[in-house]
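Reading the structure
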Amino acid sequence: MMKYVIGGNWKMKRGIQDSIDVAKEMVNELEKYDNIEIFIAPSYTSLRDLAKIFEGTNIKLAAQNMHEKDKGSYTGEISPVWLKDCGCEYVILGHSERRRVYNESSERINEKVLKALEIGLKPVLCVGESAEERNNGQAEEINGTQLEVSLKEVSSEQIQNFVIAYEPVWAINSRALNPVGEIRAATRKEAEEMHNFIRNWLVNQYGDEIGNSIPLQYGGSVDKDNCKKFFTVDNINGGLVGTASIKATDFEPIVGTASELMK
Ligand code: 13P
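Read on for a plain summary of the structure. (Residues numbered from 1 in each chain as written. Predicted model: local features only at pLDDT ≥ 70, side-chain atom pairs only at ≥ 80, totals over all residues. Heavy atoms only, no water.)

Concerning the overall build of the protein chain
Quick note on the threshold: Runs of H or I in DSSP of at least four residues are treated as helices and runs of E of at least two as strands, each being numbered from the N terminus. Atoms counted for the radius of gyration: C-alpha only. Globule rule: 2.2 Å times residue count to the power 0.38. Only protein chains enter the accessibility calculation, which uses a 1.4 Å probe; a residue is then buried when its area is under 20% of its type maximum, exposed when over 50%, and partly exposed in between. In this tally Asp and Glu are treated as negative and Lys and Arg as positive; neither His nor the chain ends contributes. To locate a charge, take atom NZ for lysine, CZ for arginine, CG for aspartate or CD for glutamate.
Helix and strand counts for the protein chain come out as 12 helices and eight strands. Here the C-alpha atoms of the protein chain give a radius of gyration of 17 Å, agreeing with the 18 Å that 2.2 N^0.38 yields for 263 residues. Projecting the C-alpha coordinates of the protein chain onto the three principal axes gives extents of approximately 45 × 45 × 40 Å. Within the protein chain, the proportion of its 263 residues that are buried is 57%. Between the centroid of the 31 positive side chains of the protein chain and the centroid of its 40 negative side chains there is a distance of 3 Å.

Points about the site of the ligand
The line we're drawing: One heavy atom suffices: a residue is near a molecule or strand as soon as one of its heavy atoms comes within 4 Å of it. Polar contacts here mean pairs of N or O atoms no more than 3.5 Å apart (in protein, one a potential hydrogen donor and the other a potential acceptor; neighbouring residues in sequence count only if both atoms are side-chain atoms). Residues were grouped as follows: Ala, Val, Leu, Ile, Met, Phe, Trp, Tyr, Cys and Pro as nonpolar; Asp, Glu, Lys and Arg as charged; and all remaining residues, including Gly, as polar.
Neighbouring the ligand are the residues N9, K11, H95, E167, A171, I172, N173, G220, S221, L240, G242 and T243. The separation between an oxygen atom of the ligand and a polar side-chain atom of N9 is 3.0 Å. At 2.8 Å, a backbone N or O of S221 approaches an oxygen atom of the ligand. For the shell around the ligand, the residue count by class is three nonpolar, seven polar and two charged.

Okay, structure coming up:
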């Protein structure tokens, strides 16, 4: 059975002292789960503090985004080289908030993906369709195109460093993405169908053995009550958690559920 990968995306929700406090709690709460791959993506400003707190523990550090160049005149951007220097092992790329709020195209995400690989950061590549796209019957087409363009020129060897996260835009607890209306987690069936589609896409592209070895995370309103529903789907190998990752008491039971399922 593939090891579950559970990621916490803190977005812009935890300040410097908050991050230190929560990270210390996470280390205590999560140290018993040595059968799970865990990463936390705090704000850039907390990376150095959290690298020290997570050193020697089972929690890996992730960045929420990066620029596609090493350095240069790019005001307000973050160099992937320095993220690596800060101790990041993973980098989230193509999150829907980047794609849809900041207009990052799949072509640009592909440049970031290739740069992350060059530098030795593991990409957590996010894909996902909007409610409108789903209602128009375009969900597979949208996710397929995002995968195809974002993964252009990624070799069979390189793809083995990836985590792919399926995060339907309508399920993400984000008013930036979903300004009005209900936000709900996907049903088991909705998640299962799209995860099967993504798995098949990877197998077609990279062959059985490699395609089946890449962890697929579900993201979008995952919490301690619904995570088991997702983690028991064949092609769901973990979760990318937003809201329920910013408190140790909410995140721990999610990691615990995955850990129990490994036994
Ligand atoms: P929520 O868990 O808050 O819906 O966020 C999901 C997400 O965007 C994680 O990257």
